[in-house]
Amino acid sequence: MQLIIHRGTKEIGGSCVELATGSTRILIDMGMPLVDEKGERFDSKVVENKSIPELIASRILPAIKGLYQGEEKGFDAVLLSHAHLDHYGLLRFINPAIPVFMSSGSTKLIEISSQFINTKLELQNVTVFEQFKPLVIGELMVTPFLVDHSAFDAAAFLVEGNGKRLFYSGDFRGHGRKGVLFERFLAHPPSNIDCLLMEGSMLGRAKGQYEDEKAVEVNLTRFFKEKDNIAFVFCSSQNIDRLVSIYRAAKHASSTLVIDLYTAYILDRLHTEHSRLPQYDWPNMRVKHFMAHRDTLERSNNKHLLDKYSKTAIKIEEINLNRKHMVMLMRDNSIFRACLRK
Ligand SMILES: [Zn+2]
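Parameters and conventions
- Residues numbered from 1 in each chain as written.
- Predicted model: local features only at pLDDT ≥ 70, side-chain atom pairs only at ≥ 80, totals over all residues.
- Heavy atoms only, no water.
- Domains from an automatic or database assignment.
- Buried area = accessible area lost by both parts, 1.4 Å probe.
- Axes fitted to C-alpha atoms, helices over the stretch in contact; angles between N-to-C directions.
- Helix = DSSP H or I, 4+ residues; strand = E, 2+ residues; numbered from the N terminus.
- Parallel < 35°, antiparallel > 145°, perpendicular 65-115°, else oblique.
- Contact = heavy atoms within 4.5 Å.
- Donors = N, O, S within 2.8 Å, 3.2 Å for Na, K, Ca; no water.
- Tetrahedral: all angles 85-135°; square planar, octahedral: opposite > 155°, others 65-115°.
- Patch = residues over 30% accessible without salt bridge, like charges linked within 9 Å, V, L, I, M, F, W, Y side chains within 5 Å.
- Areas by Shrake-Rupley, 256 points an atom, 1.4 Å probe, with all protein chains shown as cover.
- Salt bridge = Lys/Arg side-chain N within 4 Å of Asp/Glu carboxyl O.
- Buried < 20%, exposed > 50% of the residue type's maximum accessible area, 1.4 Å probe, protein only.
- Polar contact = N/O pair within 3.5 Å; in protein donor to acceptor, adjacent residues only side chain to side chain.

Points about the domain arrangement of the protein
The accessible area lost on association of the parts is a frequent measure of interface size. Taken as a whole, the protein is organised into domain 1 (2-197) and domain 2 (213-341). Distance from the C-alpha centre of domain 1 to the C-alpha centre of domain 2: 30 Å. In total, about 1800 Å² of surface goes out of reach between domain 1 and domain 2, with carbon and sulfur atoms giving 55% of it. Per-residue buried area on domain 1 facing domain 2 is highest for Phe116, Phe152 and Arg177; these three make up 41% of the total on that side.

Right, here's the structure in full:
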């Protein structure tokens, strides 16, 4: 088995790894870099309005023959570990004839990002894999391993072929709500691995305030109980573990968690993956409708969902009347600033 790391050895994210045997060629992840060549934050807009040869010349796309649109297909599959842009953000440039394999949760999150944050990626030729179920791709056998990560339904991969076994960790952690996966993995790791490719997104940091996601929930509960005004919590709506912590803390503190339509939609789409994810119509949960999200749902043929989510809609007036018992999920954007003015 031949291994080529096209990007990811000297940086966090931007991951792109090729594996090949005599007759089979696969790529794992097609990440957008987090930093540019000068070490500055990578501006995702630089890929817009540029041709593939231009992007290769400026070393934004790795020079990989047979991968991109407009040339002869030279890969049997692209595998995505999880739905974070530093692992899939350059996928839109690949030849659509190449099958793309990813988990069901990743597929949904990537579709939602394309609708709401305009990643310009139209998923095509996708095969959804089942975690822990081996896939045969030509001469290679790939087994996805569900891992604990802030991206929902993230996977590591065991790749076997030509008598060799390689393990690609993808991003992982042990302190989330699925930390047990990491413990189980440590107790029963795949045996006889010839090569380990491991992400090092956090190879060490000072001891933080909170040991794990459970501690975050406990402290949020205490904070929500003690507060005497509305609490705004800044969090990505795709960080499902954190959403669960915030919801549980709000509920324990007899407060109402107010989410937006974007968050309600994400939780709704992922409900079939995990029936215990809090939903828009669960107790202590209400939905604030903002125009931008309404427009996006309408544009993406989901107008019917507006009626569905209206059942638990909440208006600014009601939030203002019950501030002490309100927790509002937010991001630092123009919607938040407009909300503060009201
Ligand atoms: Zn990640």
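Considerations on the packing of helix α8 (residues 291-299) against helix α9 (residues 303-310)
Where α8 meets α9, the axes come as close as 7 Å, and the angle between the chain directions of the two elements is 135°. As the angle between them shows, α8 and α9 are arranged oblique. Here Arg294, Leu297 and Glu298 of α8 lie close against α9, whose contacting residues are Lys303, Leu305, Leu306 and Tyr309.

Some remarks on the coordination of the zinc ion
Taken together, the protein ligands of the zinc ion are His82 (NE2), His84 (ND1), His149 (NE2) and Asp171 (OD), with distances of 2.2 to 2.3 Å. Around the zinc ion, the four donor atoms sit at angles spanning 93 to 160°, and that spread fits a shape best called irregular. Sequence spacing of the donors to the zinc ion: H-x1-H-x64-H-x21-D. Taken together, the positions of His82 in the loop between β4 (77-79) and α2 (85-88) and His149 in the loop between β8 (140-146) and β9 (155-161) put the pair 67 residues apart, joining distant regions of the chain.

A look at a nonpolar patch on the surface
Judged by side-chain polarity, Ile12, Leu34 and Val35 come together as a nonpolar surface patch covering roughly 220 Å² of accessible area. Turning to its location among the elements, Val35 is positioned in the loop between β3 (25-28) and α1 (52-57). Owing to a relative accessible area of 33%, Val35 belongs among the partly exposed residues under this scheme.

Some remarks on the pattern of salt bridges
Any two side chains of opposite charge can pair, on the condition that their charged atoms come close. Taken as a whole, this structure holds 16 salt bridges when the rule is applied. For Glu273, the salt bridge is made with Lys108, and the minimal N-O distance between the two is 2.7 Å. Here the residue Glu273 occupies a position in the loop between α7 (261-269) and β14 (285-288), and Lys108 occupies one in helix α3 (residues 104-116), the gap between them amounting to 165 residues. For Lys108, a relative accessible area of 14% gives the class buried. Linking Asp148 and Arg173 is a salt bridge whose minimum nitrogen-to-oxygen distance equals 3.4 Å. In this pair, Asp148 is assigned in the loop between β8 and β9 and Arg173 in the loop between β10 (164-168) and α4 (179-187), connecting sequence segments 25 residues apart.

Points about the side chain of Gln279
Within the secondary structure layout, Gln279 lies in the loop between α7 and β14. Among the polar contacts made by the side chain of Gln279, one reaches the main-chain carbonyl oxygen of Leu277 at a distance of 3.2 Å. Excluding residues that lie within four positions of it along the chain, Gln279 makes contacts with Leu267, Asp268, His271 and Met285.

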